[in-house]
Amino acid sequence: GEQVEQRPPHLSVREGDSAIIICTYTDSATAYFSWYKQEAGAGLQLLMSVLSNVDRKEEQGLTVLLNKKDKRLSLNLTAAHPGDSAVYFCAVSARNYAQGLTFGLGTRVSVFP
Amino acid sequence: NSKVIQTPRYLVKGQGQKAKMRCIPEKGHPVVFWYQQNKNNEFKFLINFQNQEVLQQIDMTEKRFSAECPSNSPCSLEIQSSEAGDSALYLCASSLPGGRYEQYFGPGTRLTVL
């Protein structure tokens, strides 16, 4: 089945700098790609999602890049601020959405002044 | 912001006890998913429904776990006989059907089995 690797596990970023999180997946049939943010004690907040026909999407200081050839998905947080401190997860699924999402193990992002 | 409601937020049970948690999906979302997130941030898909029908479930769910999404009532996930290894955050998500893949999550129910 699908396997997702996420790196780095921890990321320390100065306020105003950028942070990049990368996920690689194994199943070439993967059709849906998403990023979630989880703050302490909370559920998952959907940040952005793309389908496999999209290479790049930008929204509100976030950029998602999809490289299907290398099976790589990335999230770029531009101009990080303290409110961005959280755990970030990538989550992917095949065209059959009934199979549920496969998640990476998360990246803990800490933004310091 | 997600409008998925999960209750209770925290649940403490002894081994062998039943543990039941509930989920109200976002209005207009007929597809409901249950996931288990352990302390190592490993997510496990458990089961999903479209309206009242099970779409898919994993073997673990078929044995000690039961779930339902009755019409006009909250969805529920119940562990018949809790084990220490069931201690985790149980997340409910809802989505639109048929190719709209975005899943919106509730805050979760944190189960601790003593």
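Look up: the structure comes first, before these words.
Quick caveat: nothing in here was measured; it's all calculated off a predicted structure.

A few words now on the pairing of strand S5 (residues 45–51) of chain A. In the case of a regular strand, side chains alternate between the two sheet surfaces. Residues and elements named next belong to chain A. Summarising burial for S5: five of the seven residues are buried, a large majority. Where strand S4 (residues 30–38) meets S5, six bridges bridge the pair, whose relative direction is antiparallel. Bridged to lysine 37 within S5 is glutamine 45. Joining the antiparallel neighbours S4 and S5 is a turn of six residues, in which glycine 41 adopts a positive phi near 75°.

Turning our eyes to something else, we now look at the packing of aromatic side chains. For any two aromatic rings, the description comes down to two numbers: the centre-to-centre distance and the angle of the planes. Using the criterion set out here, one finds twelve aromatic pairs over all chains in the structure. Between tyrosine 36 of chain A and phenylalanine 103 of chain A, the aromatic rings sit 6.2 Å apart at their centres with planes inclined by 40°, giving tilted as the arrangement. Separated by 67 residues along the polypeptide, tyrosine 36 of chain A in strand S4 and phenylalanine 103 of chain A in strand S10 (residues 102–103) bring together distant segments of the chain. A relative accessible area of 0% means that tyrosine 36 of chain A is categorised as buried. Relative accessible area serves as the criterion here: at 9%, phenylalanine 103 of chain A is assigned to the buried category. Each ring, one from tyrosine 36 of chain A and one from phenylalanine 105 of chain B, has its centre 5.2 Å from the other, and the planes form 85°; the classification is edge-to-face. Of this pair, tyrosine 36 of chain A sits in strand S4 while phenylalanine 105 of chain B sits in strand S10 (residues 104–105), each in a different chain. In terms of burial, tyrosine 36 of chain A and phenylalanine 105 of chain B fall into one category: buried. Aromatic rings pair up to connect Tyr36, Phe89 and Phe103 of chain A together with Phe33, Tyr35, Phe43, Phe45 and Phe105 of chain B into one cluster.

Another point: the pairing of strand S6 (residues 56–59) of chain A. All names here are of chain A. Taken together, the four bridges between S6 and strand S7 (residues 62–67) define a ladder with antiparallel strand orientation. Its bridge partner being in S7, glutamate 58 is matched across the sheet by threonine 63. Where S6 hands over to S7, the hairpin turn is made up of two residues, of which glutamine 60 adopts a positive phi near 45°.

Between chain A and chain B, the contact holds 24 residues from the first and 26 residues from the second. Surface buried jointly by chain A and chain B totals about 1900 Å² across both partners, of which 59% is contributed by carbon and sulfur atoms. If you look at where chain A meets chain B, you find zero salt bridges. For the interface between chain A and chain B, the tally reads five residue pairs in polar contact (both at pLDDT 80 or more).

This part covers the state of the cysteines. Two cysteines form a disulfide when their sulfur atoms are joined by a covalent bond. Residues and elements named next belong to chain B. For the structure on display, the rule yields three disulfides over all chains. Here cysteine 23 engages in a disulfide with cysteine 92; their sulfurs sit 1.9 Å apart. With the S-S dihedral at roughly -65°, the linkage between cysteine 23 and cysteine 92 falls on the left-handed side. Of the two residues, cysteine 23 sits in strand S3 (residues 19–24) while cysteine 92 sits in strand S9 (residues 88–95), which places them 69 residues apart along the sequence.

A few words on the sheet that holds S3 of chain B. Strand pairing within a sheet occurs via backbone hydrogen bonds; the two strands may be parallel or antiparallel. Residue and element names in this part refer to chain B. Ordered by their spatial adjacency, four strands build an open sheet running S1-S3-S8-S7, and the pairing between neighbours is antiparallel. Only two strands of the sheet have a single partner each, and these edge strands are strand S1 (5–7) and strand S7 (65–68). Looking at each pair of strands side by side, their axes are set apart by 15° on average, direction ignored. Here S3 pairs with strand S8 (residues 75–79) via five bridges, running antiparallel. Considered in S8, the bridge of arginine 22 is made with serine 76.

Cut-off values and rules
Residues numbered from 1 in each chain as written. Chains lettered and ligands numbered in written order. Predicted model: local features only at pLDDT ≥ 70, side-chain atom pairs only at ≥ 80, totals over all residues. Heavy atoms only, no water. Buried < 20%, exposed > 50% of the residue type's maximum accessible area, 1.4 Å probe, protein only. Helix = DSSP H or I, 4+ residues; strand = E, 2+ residues; numbered from the N terminus. Pairing = 2+ DSSP bridges. Phe/Tyr/Trp six-rings, centres within 6.5 Å; stacked < 30°, edge-to-face > 60°. Contact = heavy atoms within 4.5 Å. Buried area = accessible area lost by both parts, 1.4 Å probe. Salt bridge = Lys/Arg side-chain N within 4 Å of Asp/Glu carboxyl O. Polar contact = N/O pair within 3.5 Å; in protein donor to acceptor, adjacent residues only side chain to side chain. Disulfide = S-S within 2.5 Å. Axes fitted to C-alpha atoms, helices over the stretch in contact; angles between N-to-C directions.

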